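# What the coordinates show
Residue strings, one per chain:
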Amino acid sequence: MHILLRDKPGEQMLLLGNEAIARGALEAGVAFAAAYPGTPSSEIALQFFQISRETDLYFEYSANEKVSLEMAAGAAMCGLKTMATMKHVGVNVAADALMTLAYTGIKGALVVVAADDPFMFSSQNEQDTRWYGKLSGLPILEPSTVDEAREMTVKAFELSEMLELPVILRTTTRINHASGMVTLGPLGKRTIQGHFEKKPMDYVCIPAVSRRLHPRLLDKIARAAAFSDQSSLNRIEGSGKWGIVCNGVSYGYVSDALNELDMTDRFRVLRVGFSHPFPENRVRQFLDGCETVLVAEEGEPYMEEAIRNCAQRFGMMLPIHGKGETLFSKLYEFDPLMVKTVIASCFDLPFSPPVPIPVDTLPQVPDRPPNLCPGCPHRATYAAVREVFGDEAIYPTDIGCYTLGLLPPLHMGDFLIAMGAGIGSAGGFSRATGRKVVAFIGDSTFFHSGLSPLASAVYNNHDFMVVVLDNGTTGMTGHQPHPGVDLTHLNMDRTPISIESAVKGLGVKKVITVNPFKFRKTVEAVRELSRFQGVSVLIAKAGCPLYEKTLPGFRKKQVFQVNPAKCRSHKDCVGKIACPAFFVSEGMVKIDTERCTGCTVCVQICPENAILPVSRKEVRQ
Amino acid sequence: MKTTRIMIVAVGGQGNILAARVLGEAAAASGIPFRMSEFHGMAQRGGVVESMVLLGEGKGYCIADGETDVLLGFEPSETIRAAKKCSSRSVVITSTSQLPPFTVAMGQDRYPDVKQAIESMAGHVSKLITLDATSLALQAGSAQAGNMVMLGALAGSGILPIELKTFRNMIRTKTKPQFTEVNLIAFDLGTFAVNFSRTE
Ligand code: SF4
Ligand code: SF4
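In what follows, the accompanying structure is described. (Residues numbered from 1 in each chain as written. Chains lettered and ligands numbered in written order. Predicted model: local features only at pLDDT ≥ 70, side-chain atom pairs only at ≥ 80, totals over all residues. Heavy atoms only, no water.)

Moving on to the overall build of chain B. Looking only at helices and strands, chain B features eight helices and six strands. Relative to a compact globule of 200 residues, whose C-alpha radius of gyration would be 16 Å, chain B shows 16 Å and is just as compact. Overall, chain B is about 50 × 35 × 35 Å in size when its C-alpha atoms are taken along their principal axes. Scored against the burial criterion, the 200 residues of chain B give a buried share of 60%. Intrachain contacts of chain B at a sequence separation of at least 6 include 65% that bridge at least 24 residues. When the accessible surface of chain B is totalled, it reaches about 7500 Å², and 53% of it is carbon and sulfur. For chain B, the distance from the average site of its 19 positive side-chain charges to the average site of its 17 negative ones is 4 Å. (Helix = DSSP H or I, 4+ residues; strand = E, 2+ residues; numbered from the N terminus. Rg over C-alpha atoms; globule rule 2.2 N^0.38 Å. Buried < 20%, exposed > 50% of the residue type's maximum accessible area, 1.4 Å probe, protein only. Contact = heavy atoms within 4.5 Å. Areas by Shrake-Rupley, 256 points an atom, 1.4 Å probe, with all protein chains shown as cover. Lys, Arg positive; Asp, Glu negative; His and termini not counted. Charge placed at Lys NZ, Arg CZ, Asp CG, Glu CD.)

Following this line, the structure appears as structure tokens:
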């Protein structure tokens, strides 16, 4: 049985923040969930995926976040309790649906998890998703601890059900990937059968309907504001004359700082856990009798601006500090020391920070950049494309493991902004420069947002090449399936879609599918496509070695070694592909047979034929 | 209990997240409140993995520069990289088994003189203990058990108010059954090593 299905209310369990959210959803009675994976949210979906295999919970990996939200919305319109989980930038993808879903509202419940990533541990930007609350009108809840992540998820469902509105549960990486003891609540009952009542004049957002729905949304926001004012999630602690307002993980830093500075009696703290609609009356109560306020929030000055609004509205003149040069930054993650230092300086408190040991006398430690794995088919594809175009072509790229092709010696990647934007921007690059353009996109990303830019490019007669790096899984986020992936080995019935037929169906006239581990053939195919005028597609199809290892019937291939008698040590192999299984010792290239997967790319690249199989006998020794 | 902050640094694949989890479970079993967070810069692809474990009352999930009480380094160059987390009060326990980054293996970057660097770190912290976790793990029966050797070293150092038998129980119940035996031996070797190793 899945650990999150343990029905022992009151028992404590060590859970990851993301597991706590999934548990909260189960306690709330979630019956239907959908997601597109994205760090730091992915483990929530993973729990649902596993649990859906042993219960009647419906879960699916959808092609992208917008689809997952719409899927959940459809089920929620029929009265089910639903959830869609995504990373912060995924909310941008889903936003089109989200904005108007706020108008129709929902039956049942719908909780959207939006996982922000301050410091960009694993993201292309560090946008602050709280603004979506204002943009859409939807309520936002923000947990400060792992245990609270569970509890707030339950509350988010209740709120959604009460208001008949989607509710956003907003987290940051430090909550998603934190662990702590969680006190289990009772598991909820799932209702999996829905019922849809047709009400086109409420649900079909033509202008006449939307004009009626917008005021209805404003009413709901007003009700939500009253809840926010009353909510125990927005709580005031202490009654000192100095005020600190905080949310999410900053609450922990503030609370620890005041304890360590031994200053709890001088301060009052407002922890905002229900941040949209902003609890204005609670804030008024908080500001009353307060001399100075400091707002401690990662990201944008969302609360700071809201508090200034409140102060103005209630005619209060006290100084309000937050973001500023000597105060908090909009950049990156906070840490406990930074928060303590800002508090001390803002309120002029004595504080001697811990002194780190001197590190300037220590040697520089080389970085450990992540790298494409040994035997990664993307390395082979990139090497083949580079063989043909070198630095001549412009290479817009996309989001996934293959973004790492950017690193030396491959240097493949000239522009990266968003899912699908590799193909999307390619036509712009080629029209503006007349140069050769090769856009890279992974298989999962192709289904996520590659189809429409490809259609657009075909229709508008663009001239560029697309390389679909098809490794049969969503590698970067932990090998989730996508619409091209067969799941028979898990006894799951899916209808996988062939990328080649999809591409042809979109009208691409020139498509070649290759196995990138056949290096010469791949180079030939790239050459052939390069002579084609118009949109051409190369599908480089070979499995992710990490994923393949988990599949039934996996057998390790024969591995390789460098024959020192034949090797001329020019390191062509290092210069071209630099497989992480290589190492150089005493000036000679060697292969770590533990790490080699036997993909044979180096074998085909070595001009001296110096890389030879390790015989099975040698392996045993 | 005053907060004890433990920073664990390692290279992807060294199993520090499991070690942190066992530590957390052992703290829970001893009735000590704790919280932890983990960071893996694409661990499977060779990046650095950090865990921060905070024992005692408190709410934050993070350890700032100069704030760690214990730095547990699974790889010596990672210990050096994390040196700024230490103050003169910190205890450092580090493995000496090197895992050079790939750029070094490829001859494009230089691996620092870790021995000398660790010695110079030792002069600035309250205590620095070195052990060769990989060879101890191999003695225990698997190179993979280096994480349990390091956990043993932390447990055996006497810094934490958690009994060795609690750790052993957690290893028995929270690590995969097929590895329990090796893990327990590795853990014990770690506890011995820390008590008999060179303390700088
Ligand atoms: S390409 Fe071949 S000959 Fe050249 S260094 Fe590599 S293994 Fe040796
Ligand atoms: S065959 Fe060569 S390129 Fe492939 S994994 Fe082994 S060493 Fe790396």
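Let us keep going from here.
So, on to the packing of helix α6 (residues 146-156) of chain B against helix α7 (residues 164-174) of chain B. Residue and element names in this part refer to chain B. Relative to each other, α6 and α7 sit at 155 degrees, their axes nearing to 10 Å. One element, α6, and the other, α7, form an angle in the roughly antiparallel class. The chirality of how α6 crosses α7 is right-handed. Of the residues in α7, those in contact with Met 148, Leu 151, Ala 155 and Gly 156 of α6 are Leu 164, Phe 167 and Ile 171. Taken together, the residues of the contact of α6 with α7 break down into six nonpolar, one polar and no charged. (Axes fitted to C-alpha atoms, helices over the stretch in contact; angles between N-to-C directions. Parallel < 35°, antiparallel > 145°, perpendicular 65-115°, else oblique. Left-handed = near helix turned anticlockwise from the far one by under 90°. Nonpolar A, V, L, I, M, F, W, Y, C, P; charged D, E, K, R; others polar.)

All names here are of chain A. Evaluation of the coordinates by the stated rule reveals six cavities of 30 Å³ or more. A volume near 130 Å³ is recorded for the largest cavity. Forming the boundary of the largest cavity are 19 residues, of which Gly 375, Cys 579, Cys 599, Val 601 and Cys 602 lie nearest the centre. Among the residues making up the lining of the largest cavity, the classes are represented as 13 nonpolar, four polar and two charged. Here the lining of the largest cavity gathers at least three residues from each of two domains, domain 3 (377-486 + 496-548) and domain 4 (560-620). (1 Å grid on protein atoms, 1.4 Å probe; cavity = no way out; pocket = protein on both sides within 12 Å on 5 of 7 lines; lining within 4 Å. Points joined across faces, edges and corners; volume = space filled by probe spheres on them. Domains from an automatic or database assignment.)

This part is about the sheet that holds strand β7 (residues 167-172) of chain A. Residues and elements named next belong to chain A. One open sheet accounts for seven strands, arranged β3-β2-β4-β5-β7-β6-β12; its pairing is mixed. What marks the edges here is a single partner per strand, and that holds for β3 (58-61) and β12 (274-276). In this structure, strand β2 (residues 32-35) lies alongside β3, joined through four bridges in parallel fashion. The residue bridging Ala 34 from the neighbouring strand is Glu 60, located in β3. (Pairing = 2+ DSSP bridges.)

With that settled, the discussion passes to the pairing of strand β13 (residues 292-296) of chain A. Residue and element names in this part refer to chain A. Here β13 lies mainly inside the structure; five of its five residues are buried. Neither face of β13 is left uncovered, since the one carrying Thr 292, Leu 294 and Ala 296 and the one carrying Val 293 and Val 295 both have all their residues buried. Two strands pair when backbone bridges link them, and strand β10 (residues 242-247) and β13 are joined in this way by five bridges, in the parallel orientation. Along β13, the bridge assignment pairs Gly 243 with Val 293. As defined by bridge partners, β13 adjoins strand β14 (residues 320-321) across two bridges and the pair is classed as parallel. Within β14, the residue paired with Val 293 across the bridge is Ile 320. Handedness of the crossover is the feature at issue here: the chain leaves β13, passes through helix α12 (residues 302-313), returns alongside β14, and the resulting connection is right-handed. (Right-handed = clockwise from strand over helix to strand, strands pointing away.)

Turning our attention to the sheet that holds strand β4 (residues 68-73) of chain B. Pairing within the open sheet is mixed, and its eight strands lie in the order β1(A)-β8(A)-β2(B)-β3(B)-β1(B)-β4(B)-β5(B)-β6(B). Because the sheet does not close on itself, it has two edges, and the strands there are β1 (12-16) of chain A together with β6 (127-131) of chain B. Mean inter-strand twist for the sheet, computed between neighbouring axes without regard to direction, equals 20 degrees. Relative to strand β3 (residues 48-55) of chain B, strand β1 (residues 4-11) of chain B runs antiparallel, the two sharing eight bridges. Considered in β3(B), the bridge of B:Val9 is made with B:Glu50.

On to helix α3 (residues 65-77) of chain A, then. All names here are of chain A. In this model α3 runs 18 Å from its N-terminal to its C-terminal C-alpha over 13 residues, within 8% of the 18 Å that 1.5 Å per residue would give. Every buried residue of α3 is accounted for by Glu 65, Ser 68, Leu 69, Ala 72, Ala 73, Ala 75, Ala 76 and Met 77. In this structure, the buried residues of α3 make contact with β2, β4 (81-87), α4 (88-104), β5 (109-116), α8 (200-203) and α16 (443-459). One side-chain oxygen of the residue at the start of α3 lies 3.0 Å from the amide nitrogen of Lys 66, identifying that residue as Asn 64. Downstream of α3 by one or two residues, Gly 79 has phi in the positive range, about 95 degrees. (Expected span 1.5 Å × (residues − 1). Polar contact = N/O pair within 3.5 Å; in protein donor to acceptor, adjacent residues only side chain to side chain.)

Turning our eyes to something else, we now look at the side chain of B:Arg5. With respect to the secondary-structure elements, B:Arg5 resides in strand β1. Judged by relative accessible area, B:Arg5 falls into the buried class, the value being 12%. Side-chain polar atoms of B:Arg5 contact the side chain of A:Glu260, separated by 3.1 Å. For B:Arg5, the residues in contact, after removing those within four places along its chain, are A:Glu260, B:Val53, B:Leu54, B:Ile63, B:Glu67, B:Thr68, B:Asp69 and B:Val70.

Time to look at the interface of chain B and chain A. Contacts between the two partners involve 59 residues from chain B and, on the opposite side, 56 residues from chain A. For the pair chain B and chain A, the two sides together bury roughly 4600 Å², of which 64% comes from carbon and sulfur. Counting every contact that joins chain B to chain A gives 16 residue pairs in polar contact (both at pLDDT 80 or more). Sorting the residues of the side of chain B that touches chain A by element identifies β1, α1 (16-29), β2 (34-40), β3, α2 (76-81), β5 (86-95), α3 (102-105) and α4 (114-122) of chain B as the ones contributing at least two each. Of all the elements, β2(B) adds the most residues to the side of chain B that touches chain A, at seven residues. When grouped by side-chain class, the residues that make up the side of chain B that touches chain A number 26 nonpolar, 18 polar and 15 charged. Sheet analysis places strand β8 (residues 178-183) of chain A next to β2(B), joined by three bridges and oriented antiparallel. Within β2(B), the residue paired with A:Ser179 across the bridge is B:Met36. (Buried area = accessible area lost by both parts, 1.4 Å probe.)

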